[in-house]
Amino acid sequence: GGGAPLTAAQVAATYGGAPAGAIDAIDVYEAISTIRDPEHPQYTLEDLAVVNEEHVEVTYHDNAETRIRIGFTPTVPHCSLAALIGLCLRVKLARDLPSAHKLDLYVTEGSHDTADDVARQINDKERVQAALENPALWGTVERCITERQVDHF
């Protein structure tokens, strides 16, 4: 199946824009930028520069699959919550994005001591499913991804 991945630019050149109803990197970033940091819930992942637009990549494949690749940068290299942040990203996008997509998460290079382990953990369907069946963990994810109204003075 499916041929080589097309970049958004190639799709735009070929089809005059992304496939109908397709999500783009901005949609993805807007969804994840409001997630709260599990350790510092007064801040969003955007506030702490855990996520940024440069590390969000969306590609469309000719089999109509949308692939999203997101890099995130834990606040400290030994961050024990890196996998939890990954779970939050995954759940928030599953909830906010209208179309089916394949999500690949990674920890940005050099930002975490066990980046490969974290990536393996958060991209493994069974492990993600098991984590989400843990009520305490689910409660934490839910708190982080629920948008709060912020009072602006």
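Refer to the preceding data block for the structure.
Please read all numbers here as calculations on a predicted model, not as lab measurements.

**A closer look at the layout of surface pockets**
Here the largest pocket defines a volume of roughly 390 Å³. Considering the residues around the largest pocket, the lining is formed by 14 residues, among which Arg90, His101, Leu103, Lys125 and Val128 are closest to the centre. Contributions of two or more residues to the lining of the largest pocket are made by helix H3 (82-96), strand E3 (101-107) and helix H5 (125-132). In terms of residue class, the lining of the largest pocket is built from six nonpolar, three polar and five charged.

**Describing a negative patch on the surface**
A contiguous patch of negative charge on the surface is contributed by Asp24, Asp27, Glu30, Glu46, Asp47, Glu53 and Glu54. In this structure, Glu46 sits in the loop between helix H2 (25-33) and strand E1 (56-60). On the accessibility criterion, Glu46 (39% relative accessible area) is partly exposed.

**Considerations on the packing of H3 against H5**
Packed helix pairs are specified by the crossing angle of their axes together with the interaxial distance, meaning the distance between the axes. Viewed as axis vectors pointing N to C, H3 and H5 meet at an angle of 90°, and their least axial separation amounts to 11 Å. If you check the angle between H3 and H5, you find them roughly perpendicular. Contacts between H3 and H5 involve Leu87, Arg90 and Val91 from the former and Val128, Ala131 and Leu132 from the latter. Its residues placed into classes, the contact of H3 with H5 shows five nonpolar, no polar and one charged.

**Overview of the sheet that holds strand E2 (residues 66-72)**
Across the sheet, three strands lie side by side as E1-E2-E3; this open sheet has mixed pairing. At either end of the open sheet lies a strand with only one pairing partner, and these are E1 and E3. Neighbour-to-neighbour, the strand axes of the sheet open up by a mean angle of 15°, direction not taken into account. Bridge count for E1 against E2 is five bridges, and the pairing is antiparallel. Across the sheet, residue Tyr60 finds its bridge partner in E2, namely Thr66. Most of the contacts of H2 go to E1, to which it runs at about 140°, and overall it touches E1 and E2. Against the sheet, H3 contacts E2 and E3, and its axis sits at roughly 160° relative to E3.

Conventions and cut-offs
Residues numbered from 1 in each chain as written. Predicted model: local features only at pLDDT ≥ 70, side-chain atom pairs only at ≥ 80, totals over all residues. Heavy atoms only, no water. 1 Å grid on protein atoms, 1.4 Å probe; cavity = no way out; pocket = protein on both sides within 12 Å on 5 of 7 lines; lining within 4 Å. Points joined across faces, edges and corners; volume = space filled by probe spheres on them. Helix = DSSP H or I, 4+ residues; strand = E, 2+ residues; numbered from the N terminus. Nonpolar A, V, L, I, M, F, W, Y, C, P; charged D, E, K, R; others polar. Patch = residues over 30% accessible without salt bridge, like charges linked within 9 Å, V, L, I, M, F, W, Y side chains within 5 Å. Areas by Shrake-Rupley, 256 points an atom, 1.4 Å probe, with all protein chains shown as cover. Salt bridge = Lys/Arg side-chain N within 4 Å of Asp/Glu carboxyl O. Lys, Arg positive; Asp, Glu negative; His and termini not counted. Charge placed at Lys NZ, Arg CZ, Asp CG, Glu CD. Buried < 20%, exposed > 50% of the residue type's maximum accessible area, 1.4 Å probe, protein only. Axes fitted to C-alpha atoms, helices over the stretch in contact; angles between N-to-C directions. Parallel < 35°, antiparallel > 145°, perpendicular 65-115°, else oblique. Contact = heavy atoms within 4.5 Å. Pairing = 2+ DSSP bridges.

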